[in-house]
Amino acid sequence: RAMSAGVLAVAHILNREAANFSSGAAVTADELTALFPDALAYDDDALPRALVEGSAPHPRPLGELRHVEAFSLIEGFSGVPAAIDGGLALPPAARRLARNPLYGDDGAICWPSERYRQEYAGHATYPARATAGAVTAAMIRSREVVDLPERW
């Protein structure tokens, strides 16, 4: 196992030991530990919540995360995770943002299908209803407004 200097961050690694709706290859906590023994590991659900709260995510040993739907990990980082803040989470001030397309005309979340509602509603960190008015940092953090390509 040769690794050059640097940091590797990987999000939403499906967990084979937990039920989930996603298809594709999944791994176990033990398999990830064998590949990345020094990695900081996270419940993938915890990261968007830390983003919304502007707090620091808390890494946990992979063995404690066997129940989560997906893992996130950071290998090669020796510092203390900081609060998710600043330019990391917020787009440049001049960026044109649009209301998240999951919000219907009435401002309530409108899932594209029942399957999506079942899979994502419990994990959603955005408000159940869109708010009106000037865009705020909280609206950006919660993904109530998003930066989408024009053809979205």
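For the structure, check the block above.
Residues numbered from 1 in each chain as written. Predicted model: local features only at pLDDT ≥ 70, side-chain atom pairs only at ≥ 80, totals over all residues. Heavy atoms only, no water.

Participant: Break down the pairing of strand β3 (residues 70–75) for me, with residues and values.
Facilitator: Counting buried positions along β3 gives five out of six residues, so the element sits mostly inside the fold. Here strand β1 (residues 8–14) pairs with β3 via five bridges, running antiparallel. Opposite Val10, over in β3, you have Leu73 as the bridge partner. (Buried < 20%, exposed > 50% of the residue type's maximum accessible area, 1.4 Å probe, protein only. Helix = DSSP H or I, 4+ residues; strand = E, 2+ residues; numbered from the N terminus. Pairing = 2+ DSSP bridges.)

Participant: Pulling in residues and values, what's your account of unusual backbone geometry?
Facilitator: Even without being glycine, His12 reaches a positive phi, approximately 55°. You can see His12 is positioned in strand β1. Judged by relative accessible area, His12 falls into the partly exposed class, the value being 41%. At Arg143, a residue that is not glycine, the phi angle is positive and equals roughly 65°.

Participant: Let's hear about the nonpolar core: which residues, and what values?
Facilitator: Within the largest apolar cluster, eleven residues are counted, these being Ile13, Ala29, Leu32, Phe36, Ala39, Ala41, Leu62, Leu65, Val68, Phe71 and Leu73. In terms of nonpolar packing, the next biggest core, distinct from the first, is built from five residues, Leu102, Tyr103, Trp111 and Tyr126 among them. (Core = buried A, V, L, I, M, F, W, Y, C linked by side-chain atoms within 4.5 Å.)

Participant: Got a sec to walk through the environment of Glu64? Specific residues and values, please.
Facilitator: Looking at the element boundaries, Glu64 is found in the loop between α2 (46–53) and β3. Each C-alpha atom, one on Glu64 and one on Ala41, is 9.7 Å from the other, the two residues being 23 residues apart in sequence.

Participant: Describe the pattern of salt bridges, naming the residues involved and giving the relevant values.
Facilitator: Scanning the entire structure with this criterion turns up six salt bridges. The partner of Arg66 in a salt bridge is Glu17, with the nearest N and O atoms 3.4 Å apart. Residue Arg66 is located in the loop between α2 and β3, and its partner Glu17 is located in the loop between β1 and α1 (29–35); the two are separated by 49 residues in the primary sequence. Its salt-bridge partner being Arg117, residue Glu114 comes within 2.4 Å of it at the nearest N-O pair. You can see Glu114 and its partner Arg117 sitting in helix α3 (residues 114–120), three residues apart, about one turn around the helix. (Salt bridge = Lys/Arg side-chain N within 4 Å of Asp/Glu carboxyl O.)

Participant: An account of the side chain of Ser72 is requested, with residue identities and associated values reported.
Facilitator: By secondary structure assignment, the location of Ser72 is in strand β3. Among the polar contacts made by the side chain of Ser72, one reaches the side chain of Asp44 at a distance of 2.4 Å. Other than its neighbours up to four places away in sequence, Ser72 contacts Val10, Ala11, His12, Leu40, Ala41, Tyr42, Asp44 and Leu47. (Polar contact = N/O pair within 3.5 Å; in protein donor to acceptor, adjacent residues only side chain to side chain. Contact = heavy atoms within 4.5 Å.)

Participant: Outline the environment of Tyr42, listing residues and values.
Facilitator: Tracing the backbone shows Tyr42 in strand β2 (residues 40–43). Considered as a pair, Tyr42 and Val68 are 26 residues apart in the sequence and their alpha carbons are 9.3 Å apart.

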